[in-house]
Amino acid sequence: MLTDRIDQEMKAAARAQQKLRLGTLRMLKSAMKYREIETGKALEDADVLAVVGTLIKQRRDSAAQYTAGGRPELAATENEEIKILEAFLPRQLTDDELSAMVQEAVAAAGAKGPKDMGNVMKALMPKTAGKAEGKRVSDAVKAALAKLGA
């Protein structure tokens, strides 16, 4: 289970005195505990992946804010945390793989143009969960549907 792996990596980071890694893993454990309390049940691997994805998205937003605010050292810390968290995600889809999945979903949903984006996303998101960020999927679907509508 992913939870056990996180626990083991947390212990290893504590032994090696890797402060950033340990802090990031503690933050992950805390977010997982909050999600557990929210849902009222133990987290499955898919739930843990969702938590990791959320934290990565938050870190990306923070890094962008820090960069815009002229604080590159804080942005660098956020980017390091992203690298640590990404280690828990499955292999990310390549652009070609994502494009093929989008084309399949567009065909399956019978989409005719940009108005059908909701149906395509509904079919596609469960297949890409943890393997591609939602914004990336959304952008790929928009591009594919724009070609149909043109």
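Residues numbered from 1 in each chain as written. Predicted model: local features only at pLDDT ≥ 70, side-chain atom pairs only at ≥ 80, totals over all residues. Heavy atoms only, no water.

A. Molecular detail of the overall build of the protein. Within the protein, the secondary structure is distributed over seven helices and zero strands. Helices and strands appear in the protein in the N-to-C order α-α-α-α-α-α-α. Counting every position in the protein, which comprises 150 residues, the buried fraction comes to 31%. Considering only intrachain contacts with a sequence separation of at least 6, the fraction spanning at least 24 residues in the protein is 60%. Carbon and sulfur atoms provide 54% of the accessible area of the protein, an area that totals close to 9,200 Å². (Helix = DSSP H or I, 4+ residues; strand = E, 2+ residues; numbered from the N terminus. Buried < 20%, exposed > 50% of the residue type's maximum accessible area, 1.4 Å probe, protein only. Contact = heavy atoms within 4.5 Å. Areas by Shrake-Rupley, 256 points an atom, 1.4 Å probe, with all protein chains shown as cover.)

B. View of the environment of Arg71. Mapping Arg71 onto the fold places it in the loop between α3 (45–68) and α4 (72–86). Each C-alpha atom, one on Arg71 and one on Asp45, is 35 Å from the other, the two residues being 26 residues apart in sequence.

C. Broad picture of the pattern of salt bridges. Taken as a whole and assessed by the stated rule, the structure comprises 15 salt bridges. When the shortest N-O distance is used, the salt bridge between Lys33 and Glu36 registers 3.5 Å. You can see Lys33 and its partner Glu36 sitting in helix α2 (residues 19–39), three residues apart, about one turn around the helix. Note on Lys33: relative accessible area 48%, which makes it partly exposed. Residue Glu36 is classed as partly exposed on the basis of its relative accessible area of 29%. For Glu73, the salt bridge is made with Arg71, and the minimal N-O distance between the two is 2.6 Å. Judged by its relative accessible area of 41%, Arg71 falls in the partly exposed class. Several salt bridges share partner residues, and in doing so they unite Arg5, Glu9 and Arg21 into one network. (Salt bridge = Lys/Arg side-chain N within 4 Å of Asp/Glu carboxyl O.)

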